[in-house]
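If you want the building blocks of each chain, they are given just below.
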Amino acid sequence: GEGRVGKTSLAKALRVKNFELQDEPSTEGIDIGEWVIPKEEFDGKLDLNKDFRLNVWDFGGQEIYYATHQFFLTRRSIYLFVTESRKEDSHDTFFYWLNIIRLLGGASPVILVLNKIDQPTKELPIEGYKEAFDNLVGFKRVSCHADYKATVESLKEEIKRIITNEELLPQV
C-alpha cells in the first residue's frame, strides 16, 4: 500500500508478542522480519513437526520504491494490501496494487486490510474489488492501538486459515 498507512506497525504487531504502538519512521526499501507461529496454533490442520515460519516483507510505500517491487513480488505468498481509514486513496491506486499483485504473484491470496480503525473510517467497495480480483480472499478492519488488539488477532487467525487452505496455498 501507500506510504504512512501503518504497514510497519502492522508487520510488527503480527510478529511481536505484546506489541505496543509507537511512531515509526517510513520504511526505506524493504524490511524483512520473521514471524514464527507455534505448530500447536494450527490445531492439527497441518502435519508439522516444528513451528511454522513466515517471512514478513514490509515494503516501503513511497512511489520512489514502486519500480523495485517487481523484483520481490512472487507466487507462493500471502499478500496484505494495507490502506488506512483516513487516507483518501483513489480507486486507481487500489487497482494498481491489486493488478501488480495478480500480475507478479499469480493466484496468491490477498487480504485487503483497512488499518487505523481507531480513527474515523471510510467505506470501501469491497464487493467490487472481489469481483475484479478473484484472489482477494479477505477483508479485515484493524488497528494496532492497544484497545483494538482483538482486530490484529483476528487478522492473524485469517492468515492461519489461509495457510491451512490447500486451495489457496497448495504448496504448504
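Just so you know, these numbers come straight off a predicted model, no measurement behind them.

What counts and what doesn't
Residues numbered from 1 in each chain as written. Predicted model: local features only at pLDDT ≥ 70, side-chain atom pairs only at ≥ 80, totals over all residues. Heavy atoms only, no water. Pairing = 2+ DSSP bridges. Helix = DSSP H or I, 4+ residues; strand = E, 2+ residues; numbered from the N terminus. Axes fitted to C-alpha atoms, helices over the stretch in contact; angles between N-to-C directions. 1 Å grid on protein atoms, 1.4 Å probe; cavity = no way out; pocket = protein on both sides within 12 Å on 5 of 7 lines; lining within 4 Å. Points joined across faces, edges and corners; volume = space filled by probe spheres on them. Nonpolar A, V, L, I, M, F, W, Y, C, P; charged D, E, K, R; others polar. Salt bridge = Lys/Arg side-chain N within 4 Å of Asp/Glu carboxyl O. Buried < 20%, exposed > 50% of the residue type's maximum accessible area, 1.4 Å probe, protein only. Contact = heavy atoms within 4.5 Å. Core = buried A, V, L, I, M, F, W, Y, C linked by side-chain atoms within 4.5 Å.

Novice: Explain the sheet that holds strand 4 (residues 110-115) residue by residue, including any values.
Specialist: Strand order in the open sheet made by the three strands is 3-4-5, with parallel pairing throughout. Of all strands in the sheet, those with a lone pairing partner are strand 3 (79-84) and strand 5 (136-141), marking the two edges. The average angle at which neighbouring strand axes cross in this sheet is 20°, direction not considered. Relative to strand 4, strand 3 is paired through six bridges, and the arrangement is parallel. Along strand 4, the bridge assignment pairs Thr-83 with Leu-114.

Novice: Run through the layout of surface pockets, naming residues and quoting values.
Specialist: Volume-wise, the largest pocket comes out at about 990 Å³. Elements with a minimum of two residues in the lining of the largest pocket: helix 1 (7-15), strand 2 (52-59), strand 3, helix 3 (91-105) and helix 5 (149-163). Ranked by residues supplied to the lining of the largest pocket, first place goes to strand 2 with eight residues. Here the lining of the largest pocket is built from residues that sort into 23 nonpolar, eight polar and four charged. Looking at the second largest pocket, its volume works out to about 440 Å³. Around the second largest pocket sit 22 residues that line it, and Ala-13, Val-16, Lys-17, Glu-153 and Lys-156 are the ones nearest its centre. When residues of the lining of the second largest pocket are traced back to their parent elements, those giving at least two are helix 1, strand 1 (30-37) and helix 5. Of the residues forming the lining of the second largest pocket, the biggest block, six residues, is contributed by helix 5. The residue makeup of the lining of the second largest pocket, split by class, is eleven nonpolar, three polar and eight charged.

Novice: Describe the pattern of salt bridges, listing the residues and the values that go with them.
Specialist: Here the structure, examined in full by the defined rule, presents eight salt bridges. Close ionic contact of Lys-116 with Glu-84 constitutes a salt bridge, the shortest N to O distance being 3.2 Å. Note that Lys-116 is positioned in the loop between strand 4 and helix 4 (126-132) and Glu-84 in strand 3, a separation of 32 residues in sequence. In this structure, Lys-116 and Glu-84 share a single accessibility class: buried. The salt bridge involving Lys-160 is made with Glu-157; its shortest N-O contact spans 2.9 Å. In this pair, Lys-160 and Glu-157 both sit in helix 5, three residues apart, roughly one turn of the helix.

Novice: Give a detailed account of the environment of Arg-76, specifying residues and quantitative values.
Specialist: Within the secondary structure, Arg-76 is located in the loop between helix 2 (66-69) and strand 3. Residue class for Arg-76 comes out exposed when judged on its relative accessible area of 65%. Put simply, Arg-76 and Gly-105 are 29 residues apart on the chain and 7.4 Å apart in space, counted from C-alpha to C-alpha. Other than its neighbours up to four places away in sequence, Arg-76 contacts Ser-108 and Gln-171.

Novice: Go over the nonpolar core with me, naming the residues and quoting the values.
Specialist: Formed by 24 residues in total, the largest nonpolar core has its most connected members in Leu-10, Leu-155, Ile-159 and Ile-163. Ranked by residues supplied to this core, first place goes to helix 5 with five residues. Contact partners of Ile-163, with chain neighbours within four places excluded, come to Ile-37, Phe-42, Leu-46, Phe-52, Leu-54, Ile-78, Leu-169 and Val-172. Counting residues in hydrophobic clusters, the runner-up holds 19 residues, among them Phe-59, Leu-73, Phe-81 and Leu-112.

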